[in-house]
Amino acid sequence: MNILTAENLTKSYGEKVLFKDISFGIDEGEKIGVIGVNGTGKSTLLKILAGVEWPDQGKVTMGNNVRLEYLPQNPEFEDEATVLQQVFKGNSPVMKLLREYEQATERLDDNPDQPQLQQDLIMLGQQMDELEAWQLENEAKAILTKLGITKFDTLIGTLSGGQKKRVALASALINPTDILTLDEPTNHIDNDTVDWLEQYLNKRKGALVMITHDRYFLDRVVGRVFELDQGKLYPYPGNYSRFLELKVEREEQVEATERKRQNLFRNELAWMRKGAKARTTKQKARIDRFEKIQADKPTEFLDRIEMPAGSSRLGKKILECDHVQKGFPDRGVLIDDFSYILLRDDRIGIIGPNGSGKSTLLNLIAGLMIPDSGSIEVGTTVNIGYFAQENTYLNPEIRVIDEIKAVAEVIPTADGGTITASQMLERFLFPAAAQWTQIGKLSGGEKRRLYLLRILMAAPNVLLLDEPTNDLDIQTLTILEGYLDDFPGAVVAVSHDRYFLDRITDKIFSFEGEGKIRSYVGNYSDYREQVYAAKQAEEQAVSIASLAKSFRTTNTPSGSLASRVPSGTEDLPERRKERPLKMTFKEQQDFEQIDAQIAQVEEEIQKNNQLMNDMGSDFGKLTELVKIQKTLEEKLDDMMDRWTYLNELAEKIAQNKGH
């Protein structure tokens with residue numbers, strides 16, 4: 001069922017048209033990803049849907065009682081509010097009630113002897129019961145915890161920018177809503193949290209419209225893709241992988257149409273050159289047709305442009321970290337005894353929880369910080385290009401082309417050629433007309449792209465990238481990845497973008513707490529497989545140890561269970577004739593317990609067999625399990641013999657009593 005309709009939306013800023021006459025609908029429960037080059041109007045489109053901005057033309061219509069929640073890229077916060085108060089800032093009745101309850105709790109904490117405050121809290125608690133708000137509060141705390149926020153009474157003003165963004169994300173997720181609109185929700189959250197958010201949104205029943213550059217996220221969450229390109233909106237059914245297939249088909253169709261247009265254009269041009277007189281209606285129509293064909297040239301597909309790599313010469317010695325340690329009084333030791341020699345062709349991805357020290361490591365390598373102990377030696381030919389999380393100042397008054405020319409007008413490429421500043425801008429999605437735009441008129445994503453290009457224009461031979469995927473569109477990331485493929489130097493990148501890490505890295509540095517950094521060979525997916533295998537091996541080792549302990553305990557020789565028949569009873573028939581037939585105390589005890597003991601050993605055999613099936617090619621542990629299996633089976637045989645003997649004895653005793 002359609003719950004939102006956008007009709008003929010047009011929006012422009014000055015002379016720049018973001019989109020024109022675009023229309024679409026959103027169905028109940030539909031999950032949509034919005035993609036496009038930065039500056040094409042993705043965020044503006046979400047603001048229009050949320051009612052934060054208005055279109056120049058067109059309208060947005062929502063169904064009756066349809067609720068829409070919007071998470072902007074840069075949410076507004078109240079510094080004096082607590083985390084929970086910020087989360088409960090929605091306008092729904094239950095959100096207002098939750099805010100009132102939190103405020104009443106704080107007032108009562110400050111004035112515990114006030115009867116009226118106690119009565120107010122009781123009344124609000126009853127209303128919480130009626131609206132089932134307790135569950136919502138618990139869910140809010142659970143989501144905040146998953147997002148790495150555990151102190152719910154912390155003031156917003158004391159949080160970092162990334163923590164504030166996660167609080168805003170929690171607020172958007174917790175609000176009861178029919179349409180959830182998220183602008184770059186994966187920015188500023190680590191890889192594990194992105195995994196959790198992916199699962200959460202997949203389970204969520206309401207409609208979703210989101211902007212994200214995370215291609216794995218798009219692939220696994222959305223069922224429809226909207227592409228904003230050159231002022232038009234192109235809808236594609238399916239996830240990101242399906243979008244890529246359909247876009248190739250669309251571009252091939254456009255190219256075929258363009259070839260036909262060019263053929264027709266050549267014919268018309270030949271006719272025009274004959275000097276036709278535009279006097280008759282027929283001749284005037286043909287001239288109009290020529291002008292229309294000339295104007296119908298399709299837009300270029302900017303994401304197809306390749307990005308040549310430029311760099312300066314790199315000597316043998318690059319960079320060596322020797323027993324580096326770094327910490328801060330309020331955060332403890334972030335990097336403890338870290339040593340590594342950077343190689344020319346290294347492609348290293350750095351991962352870990354937010355605040356674990358990833359950016360600190362890059363700052364140390366870049367020389368912006370000094371280690372507490374240890375040393376970092378940099379080769380004399382090293383030219384480091386550092387793309388930091390926070391953009392350095394870009395003068396809003398100067399033009400794009402002037403900003404790049406100030407770094408270099410021409411740089412050498414890896415193939416021995418050169419490339420100009422203007423050509424680099426074109427390859428980095430700044431067409432000729434946009435190069436004369438003042439920087440202050442660029443979108444946030446366009447400024448981020450310009451900042452990255454300025455780093456590359458300095459022709460570095462060692463690249464340090466701190467969260468390069470934040471605020472960069474997919475097309476820019478694709479071009480950057482192509483650039484890094486041919487980059488003749490070392491690359492060290494901090495990123496939470498799993499696709500980007502899989503695409504460019506062959507080694508992972510994982511921050512694993514208490515300053516420890518562990519190295520893994522392979523890309524991010526390889527790292528995840530290694531971590532999973534290690535976890536499985538650890539669990540199996542624990543199971544083996546537990547099984548072996550249980551085996552040693554239950555297999556210790558004691559009394560008659562140590563053998564099939566107790567010592568001295570081999571001549572039982574003759575000896576039974578000399579005394580009344582009855583069980584000894586130990587036999588009676590064994591008779592009562594042996595069924596349960598046999599069941600326990602059979603269960604141990606089954607568990608051990610499953611462990612052997614799961615062990616795969618680990619022959620060392622497999623050999624150990626085979627030995628345990630053999631001993632358990634022998635033990636079961638002994639116990640079955642004992643069971644047979646005891647049951648036969650019990651039967652004979654019963655028969656004697658009958659006589």
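Counting restarts for each chain, with residues numbered from 1 along the sequence as it is written. In keeping with the model being predicted, local features are shown solely for residues with a pLDDT of at least 70 and side-chain atom pairs are shown and tallied solely at 80 or more, while totals for entire chains, interfaces and linings include all residues. In computing side-chain values, all of the structure's heavy atoms are included and hydrogens and water are not.

## Comments concerning the pairing of strand 17 (residues 462–466)
Worth spelling out the cut-off: With a 1.4 Å probe rolled over the protein chains alone, any residue whose accessible area is under 20% of its type maximum counts as buried; one over 50% counts as exposed, and the rest are partly exposed. Secondary structure is summarised from DSSP: a helix means a run of H or I of at least four residues, a strand means a run of E of at least two, and numbering begins at the N terminus for each. Two strands are counted as paired when DSSP detects at least two bridges linking them. Seen with its strands pointing away from the viewer, a crossover is right-handed if its path from the first strand over the helix to the second goes clockwise.
Of all the 5 residues making up strand 17, 5 are buried; the element is thus mostly covered by neighbouring parts of the structure. The alternating pattern of strand 17 places V462, L464 and D466 on one face and L463 and L465 on the opposite face, and all of these are buried. Two elements, strand 14 (residues 384–387) and strand 17, share 4 bridges in a ladder whose sense is parallel. Counted as the bridge partner of Y386 is L464 from strand 17. This β-α-β element, strand 17 to helix 15 (residues 474–485) to strand 18 (residues 490–494), shows right-handed connectivity.

## Section: the pattern of salt bridges
To be explicit about the condition: We define a salt bridge as a side-chain nitrogen of Lys or Arg found within 4 Å of a carboxyl oxygen belonging to Asp or Glu.
On inspection of all chains with the given rule, the structure shows 28 salt bridges. As a salt-bridge pair, K16 and E446 come within 3.3 Å of each other at their nearest N and O atoms. On the criterion of sequence distance, the pair formed by K16 in strand 2 (residues 16–27) and E446 in helix 14 (residues 444–457) is long-range, its members being 430 residues apart. Of the residues examined, E446 reaches a relative accessible area of 9% and is grouped as buried. Where E30 meets R224, a salt bridge forms, and the shortest distance between an N and an O atom there is 3.0 Å. Within this pair, whereas E30 is found in the loop between strand 2 and strand 3 (31–35), its partner R224 is found in strand 8 (residues 224–229), the two being separated by 194 residues in sequence. Here the salt bridges do not stand alone but share partners, grouping D195, E198, D214, R220, R498 and R528 into one network.

## Here's the deal with the sheet that holds strand 4 (residues 57–62)
This is how the line gets drawn: Lines are fitted to the C-alpha atoms to define the axes, a helix being fitted only along its stretch in contact, and any angle between axes, read from their N-to-C directions, falls within 0 to 180 degrees. Here, two residues are considered to be in contact whenever any of their heavy atoms come within 4.5 Å of each other.
Read from one edge of the open sheet, 3 strands run 2-1-4, paired in antiparallel fashion. Where the open sheet ends on each side, the last strands, each with one partner, are strand 2 and strand 4. Taken pair by pair, the neighbouring strands of this sheet meet at an average axis angle of 15°, ignoring direction. Where strand 1 (residues 2–13) lies against strand 2, 8 bridges are found, and the strand directions are antiparallel. Its bridge partner lying in strand 2, T5 is registered against G25. Lying on the sheet, helix 1 (residues 42–50) is in contact with strand 1, strand 2 and strand 4; it crosses strand 2 at an angle near 50°.

## So, the packing of aromatic side chains
The condition that has to hold: Paired rings are identified among Phe, Tyr and Trp, the last through its six-membered ring, by centres lying within 6.5 Å, and are further divided according to the angle between planes into stacked (under 30 degrees), edge-to-face (over 60) and tilted (the rest).
In the structure shown here, the tally under the stated rule is 11 aromatic pairs. Taking the centre distance of 5.6 Å and the plane angle of 35° together, the rings of Y240 and F243 count as tilted. Here Y240 pairs with F243, and both are found in helix 9 (residues 240–272), just 3 residues apart, close to one helical turn. Taking the relative accessible area as the measure of exposure, Y240 reaches 7% and is therefore buried.

## Comments concerning the packing of helix 3 (residues 93–110) against helix 5 (residues 133–146)
Basically, it comes down to this: Orientation is classified from the angle alone, with under 35 degrees giving roughly parallel, over 145 giving roughly antiparallel, 65 to 115 giving roughly perpendicular, and any other angle giving oblique. In this classification, the charged set is Asp, Glu, Lys and Arg, the nonpolar set is Ala, Val, Leu, Ile, Met, Phe, Trp, Tyr, Cys and Pro, and all remaining amino acids, among them Gly, are polar.
Close contact between helix 3 and helix 5 brings their axes to 10 Å; oriented N to C, the two are set at 75°. Our classification of the angle between helix 3 and helix 5 gives roughly perpendicular. Within the contact between the two elements, helix 3 uses V94, M95, L98, Y101 and E102 and helix 5 uses A133, W134, L136 and E137. Partitioned by chemical class, the residues of the contact of helix 3 with helix 5 number 7 nonpolar, no polar and 2 charged.

## Some remarks on the nonpolar core
Rules: We define the nonpolar core as a collection of buried residues of types Ala, Val, Leu, Ile, Met, Phe, Trp, Tyr and Cys that are connected through side-chain atoms lying within 4.5 Å of one another.
Core analysis: the largest hydrophobic core is formed by 64 residues, its most contacted members being I335, L342, I350, L463 and L484. If you tally residues by element for this core, the top one is helix 14, at 7 residues. Those residues in contact with L484, other than ones at most four positions away along the chain, are R347, L463, L465, V491, F500 and I504. Counting 54 residues, the second-largest nonpolar core is a separate cluster that includes A170, V194, L201 and L208.

## Remarks on helix 7 (residues 191–203)
Our working definition: Expected span, for any helix, means 1.5 Å times one less than how many residues it has.
Look at helix 7: 19 Å from first C-alpha to last across 13 residues, which is about the 18 Å you get at 1.5 Å a residue. Among all positions in helix 7, only N191, T193, V194, D195, W196, L197, E198, Y200 and L201 are buried.

## Describing the packing of helix 4 (residues 115–130) against helix 5
Running from N to C, helix 4 and helix 5 cross one another at 90°; their axes reach a closest spacing of 6 Å. When the axes of helix 4 and helix 5 are compared, the pair comes out roughly perpendicular. Contact with helix 4, carried on its side by G125, M128 and D129, involves A133, W134 and E137 of helix 5 and no other residues of that element. Class assignment for the residues of the contact of helix 4 with helix 5 results in 3 nonpolar, 1 polar and 2 charged.

## Here's the deal with the confidence of the model for the chain
As a reminder, the rule being used: Across the chain, each position has a pLDDT score giving the predictor's confidence in that residue, from 0 to 100.
Averaged over the chain, the pLDDT score is 83; the fraction of residues at 70 or greater is 85%. A low-confidence stretch, residues 301–307 (pLDDT under 50), is modelled with 23 contacts involving residues beyond four sequence positions or located in other chains. With pLDDT under 50 throughout, residues 558–579 is counted as low confidence; its partners more than four residues away or in other chains account for 26 contacts.

## Concerning helix 6 (residues 161–174)
The end-to-end C-alpha distance of helix 6, which contains 14 residues, comes to 20 Å, matching closely the 20 Å that a straight helix rising 1.5 Å per residue would cover. Most of helix 6 sits out of view: 12 of its 14 residues are buried. Every buried residue of helix 6 is listed here: G162, K164, K165, R166, V167, A168, L169, A170, S171, A172, L173 and I174. Turning to helix 6, the residues buried within the fold contact strand 5 (68–71), helix 2 (83–87), helix 3, helix 5, strand 6 (179–183) and helix 7.

## Re the sheet that holds strand 14
Reading across the sheet, the 6 strands line up as 14-17-18-12-19-20 and stay open at both edges, with mixed pairing between neighbours. Each of the sheet's edge strands pairs with one partner strand only, and the pair in question is strand 14 and strand 20 (517–521). Strand-to-strand, the axes of this sheet are offset by a mean angle of 15°, without reference to chain direction. Against the sheet, helix 11 (residues 358–365) engages strand 12 (347–351), strand 14, strand 17, strand 18, strand 19 (507–511) and strand 20, with an angle of about 150° to strand 17. Seen against the sheet, helix 14 touches strand 14 and strand 17 and runs at an angle of roughly 170° to strand 14.

## So, a negative patch on the surface
Rules: Candidates for patches are residues over 30% relative accessible area with no salt bridge; among them, like charges are joined within 9 Å and nonpolar side chains (Val, Leu, Ile, Met, Phe, Trp, Tyr) within 5 Å. Areas reported as accessible are Shrake-Rupley estimates using a 1.4 Å probe. Residue values count occlusion only from the protein chains shown. Lys and Arg are tallied as positive, Asp and Glu as negative. Neither His nor the chain termini are counted. Charge placement uses NZ in Lys and CZ in Arg. For Asp and Glu, CG and CD serve respectively.
A grouping of E106, D109, D110 and D153 is seen on the molecular surface, where their side chains present a negatively charged patch. Its place among the elements puts D110 in helix 3.

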